[in-house]
Amino acid sequence: MSLIGALKAVGQRRARQYKNIYLPVKRSNEKLADDNSYINSALEQIDSLQQYLELNQTTRIIDFGCGQGRFANGLILRLPDLKHYTGVDTNDDAIKWCKRWIENYYPNFQFHFIPAHNARYNPSSPPRQQLTLKQKGFHLAFLNSVFSHMLIEDVKFYLGEMHKLLIPGGVIYATAFVEEWVPEIEENPDGYLNEDCVGPLHRVRYEKTYLLNLFEKAGFDLIDFEYRGIKRTGQSIIVARGKGIKES
Ligand SMILES: C[S@@+](CC[C@H](N)C(=O)[O-])C[C@H]1O[C@@H](n2cnc3c(N)ncnc32)[C@H](O)[C@@H]1O
């Protein structure tokens, strides 16, 4: 590893205290450098989820593509007695950070590295491996800013995996770049949101009906769609409920 690479890796491992939790010093999230904005972004999502399901200490949550535990840290502040949280990510450094700075202090928050291919976050791993988690029967699958960096076959596959992991009637909350009157899918569309794209899968944009059909085909009924609901990133929010039986 080069000196710059080594320094970067050390930076990614550091944390600073915020109330009774730790936050990453080097962050992968866009526009969330300030600690209050970072944690408030998670608290706002937690509060808005209460309209779709009751969040209490027995709610079982899977945070797929959990990154550096932004949502987990918000949950610790809002629901400190939460018994079952599972965070999964293909970024080994992010999972190491979460284990060291979250799981160590809050063992009900469990983090797992899965070596799954993603051209942006983990290009060297093989694609689409089934999730073999001990914990099943989740009430909520949370995928913030994950499908926004995934192509169609991955989205289909992980929607299927989430459906298998949720209880019947369980809720999936996902954010994605979604528009009408655009091609079904486009990776890094020119000038989209007036920002430049950097590297593969920076912004994967889906056509609305096409993406919502993928949820339907994976066995979910749409509950809510909020166009560009995440103002900071321009991502839309999709909330759906598992039907129990998947369309063939
Ligand atoms: C933009 S970050 C969002 C992190 C987190 N969800 C949040 O809201 O702060 C996208 C995350 O998805 C993860 N990811 C992408 N593809 C994945 C896959 N196939 N399996 C697991 N994690 C994946 C990346 O490693 C990255 O941490």
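Scope of this entry: the structure provided in the associated data block. (Residues numbered from 1 in each chain as written. Predicted model: local features only at pLDDT ≥ 70, side-chain atom pairs only at ≥ 80, totals over all residues. Heavy atoms only, no water.)

## Some points on the packing of helix α5 (residues 152-165) against helix α6 (residues 208-217)
Now for step 1: Running from N to C, α5 and α6 point in directions that differ by 35°, and their axes come no closer than 9 Å. Considering the relative orientation of α5 and α6, their crossing is right-handed. Listed contacts from α6 to Ile152, Val155, Lys156 and Leu159 of α5 are Tyr210, Leu211, Leu214 and Phe215.
Now for step 2: Looking at side-chain class alone, the contact of α5 with α6 contains 7 nonpolar, no polar and 1 charged residues. (Axes fitted to C-alpha atoms, helices over the stretch in contact; angles between N-to-C directions. Helix = DSSP H or I, 4+ residues; strand = E, 2+ residues; numbered from the N terminus. Left-handed = near helix turned anticlockwise from the far one by under 90°. Contact = heavy atoms within 4.5 Å. Nonpolar A, V, L, I, M, F, W, Y, C, P; charged D, E, K, R; others polar.)

## Let's talk about the state of the cysteines
Now for step 1: Enumeration over the complete set of coordinates arrives at 0 disulfides.
Now for step 2: Here cysteine 66 stays unpaired: no disulfide links it, and the sulfur of cysteine 98, its closest cysteine neighbor, is 4.8 Å away. (Disulfide = S-S within 2.5 Å.)

## With respect to the site of the ligand
Now for step 1: Asn29, Gly65, Asp89, Asn118 and Asn144 are the nearest of the 19 residues found near the ligand.
Now for step 2: Within the contact set of the ligand, a nitrogen atom lies 3.4 Å away from a side-chain nitrogen or oxygen of tyrosine 158.
Now for step 3: When the ligand is considered free in solution it has 600 Å² of accessible area, and contact with the protein chains removes 96% of it.
Now for step 4: In terms of residue class, the shell around the ligand is made up of 8 nonpolar, 9 polar and 2 charged. (Near = heavy atom within 4 Å. Polar contact = N/O pair within 3.5 Å; in protein donor to acceptor, adjacent residues only side chain to side chain. Areas by Shrake-Rupley, 256 points an atom, 1.4 Å probe, with all protein chains shown as cover.)

## So, the pattern of salt bridges
Now for step 1: Scanning all chains against the criterion turns up 14 salt bridges.
Now for step 2: In this structure, aspartate 35 and arginine 16 form a salt bridge, with 3.0 Å as the shortest nitrogen-oxygen distance. Here aspartate 35 is found in helix α2 (residues 35-49), whereas its partner arginine 16 is found in strand β1 (residues 15-18), with 19 residues between them in sequence.
Now for step 3: Residue classification places aspartate 35 among the buried residues on the basis of a relative accessible area of 14%.
Now for step 4: A salt bridge links lysine 99 to glutamate 103; the nearest nitrogen and oxygen atoms lie 3.4 Å apart. Of this pair, lysine 99 and glutamate 103 are both found in helix α4 (residues 92-103), 4 residues apart, which corresponds to roughly one turn of the helix.
Now for step 5: According to the relative accessible area criterion, glutamate 103 is buried, its value standing at 17%.
Now for step 6: Through salt bridges with shared partners, a single ionic network connects Arg16, Arg27 and Asp35. (Salt bridge = Lys/Arg side-chain N within 4 Å of Asp/Glu carboxyl O. Buried < 20%, exposed > 50% of the residue type's maximum accessible area, 1.4 Å probe, protein only.)

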